[in-house]
2 protein chains.
Amino acid sequence: MPPRHFPHPGVASSLPDSVAEAIRQKLIHGELCAGQRLSEAQLAEQLDVSRNTLREAFRILSKEGLVHHAPNRGVSVVIPSIADIIDIYRIRRLIECQALAQSWPRHPAHKRMRQAVEQARQARAAGDWLQVGSANMAFHGAIVALADSERLSAMFSDIAAELRLAFGLLNDPEYLHAPYVDQNAHLLQLFEDGRIAEAAVELENYLVQSERMVLAVYARRVE
Amino acid sequence: MPPRHFPHPGVASSLPDSVAEAIRQKLIHGELCAGQRLSEAQLAEQLDVSRNTLREAFRILSKEGLVHHAPNRGVSVVIPSIADIIDIYRIRRLIECQALAQSWPRHPAHKRMRQAVEQARQARAAGDWLQVGSANMAFHGAIVALADSERLSAMFSDIAAELRLAFGLLNDPEYLHAPYVDQNAHLLQLFEDGRIAEAAVELENYLVQSERMVLAVYARRVE
DNA sequence: ACTACGCGGATTGTTGAGCAATCCGCATGC
DNA sequence: GCATGCGGATTGCTCAACAATCCGCGTAGT
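Below is a short write-up of the structure. Please read all numbers here as calculations on a predicted model, not as lab measurements. (Residues numbered from 1 in each chain as written. Chains lettered and ligands numbered in written order. Predicted model: local features only at pLDDT ≥ 70, side-chain atom pairs only at ≥ 80, totals over all residues. Heavy atoms only, no water.)

What about the relation of the copies chain A and chain B?
Step number 1: By a simple turn and slide, chain A fits onto chain B: the slide is 0.0 Å along the axis, the RMSD is 0.0 Å, and the turn is 180°. Taken together, the rotation and translation describe the operation of a two-fold axis. When C-alpha positions in chain A are compared against the rotation axis, the closest is assigned to Glu56 of chain A, at 2.6 Å. (Least-squares fit on C-alpha atoms with pLDDT ≥ 70 in both.)

Structure, rendered in structure tokens:
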């Protein structure tokens, strides 16, 4: 029996999968904005697929929470609400902190953490804040991977994408991402030194702080 | 702005949603067995929908982990592996115990817990073990609901469905479900008495025990 | 002027047919 | 026994069509 494969961003076997991935990329790169209506006919032509295929992609994205499907009104990009942000950060604290606290010290995922930190540094040096955001999410994805759970990682991946969508609503990527590059590095340092408990506590603070900042910027934006 | 709605088993706005729900029900009721191939043409005719609509439903179920999509080979019902069982129980312990431990004592979800216990008792009295299984999952869903997180609840719902799929592979529903009716009731009692910490500990033991039993039956079944 | 109504265009929801690509079972041949 | 290759069946995807629904807008009525 072949190992189960959870269809995941990045791998695209079928056309609807790659269409979904293409739309995800458009979301990350700001080509599609939160709240925007996604016309089936228009988007199908733009991506050069049939409406039916696009519809399958919409089902996927809808289940991921990136897109909202209103009966007879089609799909539009989700606008994460304050409640959504709070929800997401609550889950992140629950999952990431547990994953880190219970982690096996020399877990293979620590390589991914290192890579992400390195990538974030390079991207920051290049001023590519989108890339910094990706690297940051990769870092936290690696933390979740410490828990060795496919399903948890899959869920985190969805949540991370939704959070990036929220970040896209804000307009100061440097302010939003820059501080966390060094914090991630420090977290990694603690982890590699085997100071797991300290790392978990720091991660918790980190997440509380991050949530607070996002909510603050978010609230100001509503004006 | 209308509140976000996470498309959930039970509510079906569009046709693909209700087709997905119909298939879920078939899975629960054993009309479709794990590993079974789902022919598009055949199932489409049986459910009286078009192949395209069925395909949309497949995408949903695939994201839920109930169905596996192999390129050019169509979809088949997932066969949960031992690793999947372990994964699921790991997540259950992580999520349910946290949700219970951090719960606000008089949280509205406790009504759902009461209802589920009552329903389980009635179903047990009637010898309807499928219903007992549903009530048991409803009880644990209510525990997760204590965390007040849409996303967590949605994820748990998916996981619970997958677990029921695994239960379907086993053939002794009474042995599988009967012991937990009273344990749930006891858990509820502790919760309502405000003995949250005790309840959380008991839940953890409960889940470890449950996992052990399922894995044991599972391993025996492989012969 | 303001609301209620209703019309018409545009979009979605769903279907059915059609066709290329791929897989699977099976017979053939070595 | 094993590789080869053929043919039917299935999947992957597209296209076109049509009913149902929504939305904007003009009209009528007060």
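Focus: the pattern of salt bridges
Step number 1: Counted according to the given criterion, the structure contains 36 salt bridges over all chains.
Step number 2: For Glu31 of chain A, the salt bridge identified is with Lys26 of chain A, shortest N-O distance 3.3 Å.
Step number 3: Residue Lys26 of chain A is classed as buried on the basis of its relative accessible area of 13%.
Step number 4: The partner of Asp87 of chain B in a salt bridge is Arg151 of chain A, with the nearest N and O atoms 2.7 Å apart. Note that Asp87 of chain B is positioned in helix H4 (residues 82-101) and Arg151 of chain A in helix H7 (residues 150-169), a pairing that runs across two chains.
Step number 5: Judged by relative accessible area, Asp87 of chain B falls into the buried class, the value being 4%.
Step number 6: Here the salt bridges share partners, and the residues they tie into one network are Asp17 and Glu56 of chain A together with Glu40, Arg51, Arg55 and Arg59 of chain B. (Salt bridge = Lys/Arg side-chain N within 4 Å of Asp/Glu carboxyl O. Buried < 20%, exposed > 50% of the residue type's maximum accessible area, 1.4 Å probe, protein only. Helix = DSSP H or I, 4+ residues; strand = E, 2+ residues; numbered from the N terminus.)

What about the packing of aromatic side chains?
All names here are of chain A.
Step number 1: For the structure on display, the rule yields two aromatic pairs over all chains.
Step number 2: Ring geometry for Tyr180 and Tyr206: centres 5.2 Å apart, planes at 50°, overall tilted. Here the residue Tyr180 occupies a position in helix H8 (residues 173-192), and Tyr206 occupies one in helix H9 (residues 196-222), the gap between them amounting to 26 residues. When sorted by exposure, Tyr180 lands in the same class as Tyr206, which is buried. (Phe/Tyr/Trp six-rings, centres within 6.5 Å; stacked < 30°, edge-to-face > 60°.)

Concerning the interface of chain A and chain B
By convention, interface size is frequently given as the accessible area that disappears when the constituent parts associate.
Step number 1: At the junction of the two partners, chain A supplies 36 residues and chain B supplies 37 residues.
Step number 2: A buried area of about 3,500 Å², summed over both sides, lies between chain A and chain B, and 54% of it is on carbon and sulfur atoms.
Step number 3: At the junction of chain A and chain B, the tally comes to 14 salt bridges.
Step number 4: Across the salt bridge formed by Glu162 of chain A and Arg151 of chain B, the nearest N and O atoms sit 2.6 Å from each other.
Step number 5: Across the chain A-chain B interface, the total number found is 22 residue pairs in polar contact (both at pLDDT 80 or more).
Step number 6: Elements with a contribution of two residues or more to the side of chain A that touches chain B: helix H1 (15-28), helix H3 (51-64), strand S2 (67-70), helix H4 (82-101) and H7 of chain A.
Step number 7: Broken down by element, the residue count for the side of chain A that touches chain B peaks at eight residues, all from H3 of chain A.
Step number 8: Tallied by class, residues from the side of chain A that touches chain B come to twelve nonpolar, ten polar and 14 charged. (Contact = heavy atoms within 4.5 Å. Buried area = accessible area lost by both parts, 1.4 Å probe. Polar contact = N/O pair within 3.5 Å; in protein donor to acceptor, adjacent residues only side chain to side chain. Nonpolar A, V, L, I, M, F, W, Y, C, P; charged D, E, K, R; others polar.)

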